[in-house]
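The chain contents come next:
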Amino acid sequence: MARLVALGDAHLGRTHLAHLRDDQGRNLREEDFLRSFSWAIDTTIALEPDGFLWLGDVFDHARPTYRSFAHVLAGLQRLSDAGLAGVAISGNHDTPRIRGPGSPYDALERVFPNVSFAWRMPSIAAELAGVVIHAVPQTLSVADLKTELEAAGERLDADRTNLLIAHVALTSLPARAYRDINELEVEEAAFDRRYDLVVLGHYHGHQKVSKRTWYAGSTDTFWYSDAPETDKGVVLVDTDAGTVEHVPNPNARPLVTASVVAASLSAGELVDAVEAAGRGTPDRAIVRIYLNEADPAAYRQIANEQFQEAVPQALWVQVEPDFGATALAVQGGPTIGSLEQEWASYVELQDLVGLDRERVVSIGTRLLQEAKGETV
């Protein structure tokens, strides 16, 4: 039997709120994920487990930056120096859709013989501290995934503990407003019933799905679609007790939400209401504040900087006004900018998991200009 630390969805290289940068020009949200990954490595070593599991999406892209790759290289070296072996799978973000460009896991596999990597699509079975780890990586389709899950089930060892790791969405999860890039979804029944434990990556909120199945959750929170109300961190799997214990990351970026009844408030009163709603939020948090039934004329008088100054301890204040049908009919709605401006404003509010936000804005702008017959 074994104690294993499982890390899910580190998403190194992920950026957001591009204007938030440190004194060296680095995106602060990207730094959050790098810092949380380093915490996860420190915690893994401190827990003195028998081995470790990586559940996919260590990288946010199939072509990670040098800096992201260097952090993973250094982390694996630290685990190796600590005498720890592990098993790692690829996820939907860090698996290339075509084989030509290769995989970052290919390079890591050549350097760290203490880690069994599953990234070539076929599932593998690896022994880790006496436990058989059935590792199913990201595939190109649900049909392929089910084939590999069936193949993994055929390798079950009746004389030893069998633990399945995969990176997948389950149909039993609560309905979400968006589908992730290259996401694969299956029912839990696709897993062979004879597994002793199943530990999954992909869903960023840690939770127990069934008697034998858990999601580890992510190491940090990206945006509000990431279940920020749940602690982020790693999990400690005890195959003897059949338990999965969550170890929270105390340094994960807090994301909080508040609402303001904004009907009939003047511009100055809206700013005061945002200040009151943001009072008491954690230092350096990202704060989302809904302005319900706001007067669009009053809202348009407020510069974004005033909202930021109203909650000085926040890293960023995301104000989302709801003008209501009556206010829109009376006031005629907020001022509408050019198509390019509206596109850029729209993209800034979207959760573009796995995509380069600036590139999305650039491509959309170019296409709009082409559609209008303007010179690009």
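Residues numbered from 1 in each chain as written. Predicted model: local features only at pLDDT ≥ 70, side-chain atom pairs only at ≥ 80, totals over all residues. Heavy atoms only, no water.

Engineer: With reference to specific residues and values, describe the overall build of the protein.
Structural biologist: Across its full length, the protein carries ten helices and 17 strands. Whereas a compact globule of 376 residues would reach a radius of gyration of roughly 21 Å, the protein reaches 23 Å, a difference of no more than 12%. Residues classed as buried in the protein amount to 51% of the 376 residues present. Within the protein, residue pairs in contact and separated by at least 24 positions form 71% of the contacts whose partners lie at least 6 positions apart. (Helix = DSSP H or I, 4+ residues; strand = E, 2+ residues; numbered from the N terminus. Rg over C-alpha atoms; globule rule 2.2 N^0.38 Å. Buried < 20%, exposed > 50% of the residue type's maximum accessible area, 1.4 Å probe, protein only. Contact = heavy atoms within 4.5 Å.)

Engineer: Give a description of the pairing of strand β5 (residues 124-128) that names residues and reports values.
Structural biologist: As paired strands, β5 and strand β6 (residues 131-136) are joined by five bridges and run antiparallel to one another. What sits directly across from Ala125, in β6, is His134. Where β5 hands over to β6, the hairpin turn is made up of two residues, of which Ala129 adopts a positive phi near 55 degrees. (Pairing = 2+ DSSP bridges.)

Engineer: Could you give me a rundown of the pairing of strand β2 (residues 51-54), with the residues and numbers involved?
Structural biologist: Regular strands place side chains that alternate from one sheet face to the opposite one. Neither face of β2 is open: one carries Gly51 and Leu53, the other Phe52 and Trp54, and all of them are buried. Pairing between strand β1 (residues 3-7) and β2: four bridges, direction parallel. Looking across to β2, one finds that Val5 is bridged to Phe52. In this fold, the crossover linking β1 to β2 by way of helix α1 (residues 28-46) has right-handed handedness. (Right-handed = clockwise from strand over helix to strand, strands pointing away.)

Engineer: An account of the sheet that holds strand β17 (residues 316-322) is needed here, citing residue identities and associated values.
Structural biologist: Reading across the sheet, the three strands line up as β15-β16-β17 and stay open at both edges, with parallel pairing between neighbours. The open sheet terminates on both sides in strands that have one partner only, identified here as β15 (255-261) and β17. Each neighbouring strand pair of the sheet contributes to a mean axis angle of 20 degrees, computed without reference to strand direction. In this sheet, β17 lies alongside strand β16 (residues 286-292) in parallel orientation, the contact comprising seven bridges. Across the sheet, residue Tyr290 finds its bridge partner in β17, namely Glu320. On top of the sheet, helix α5 (residues 267-278) reaches β15, β16 and β17; it is set at about 135 degrees to β16, its chief contact. (Axes fitted to C-alpha atoms, helices over the stretch in contact; angles between N-to-C directions.)

Engineer: Quick one: what's the story with helix α2 (residues 66-81), residue by residue and with numbers?
Structural biologist: Taking 1.5 Å of rise per residue, 16 residues should cover 22 Å, and α2 covers 22 Å from first to last C-alpha, within 8% of that figure. Those residues of α2 that sit buried are Ser68, Val72, Gly75, Leu76 and Leu79. Each buried residue of α2 sits inside an arc of 95 degrees when the element is viewed along its axis, so together they form one side. Pointing more than 90 degrees away from the buried face of α2 are the exposed residues Tyr66 and Asp81. (Expected span 1.5 Å × (residues − 1). Arc of directions from axis to C-beta.)

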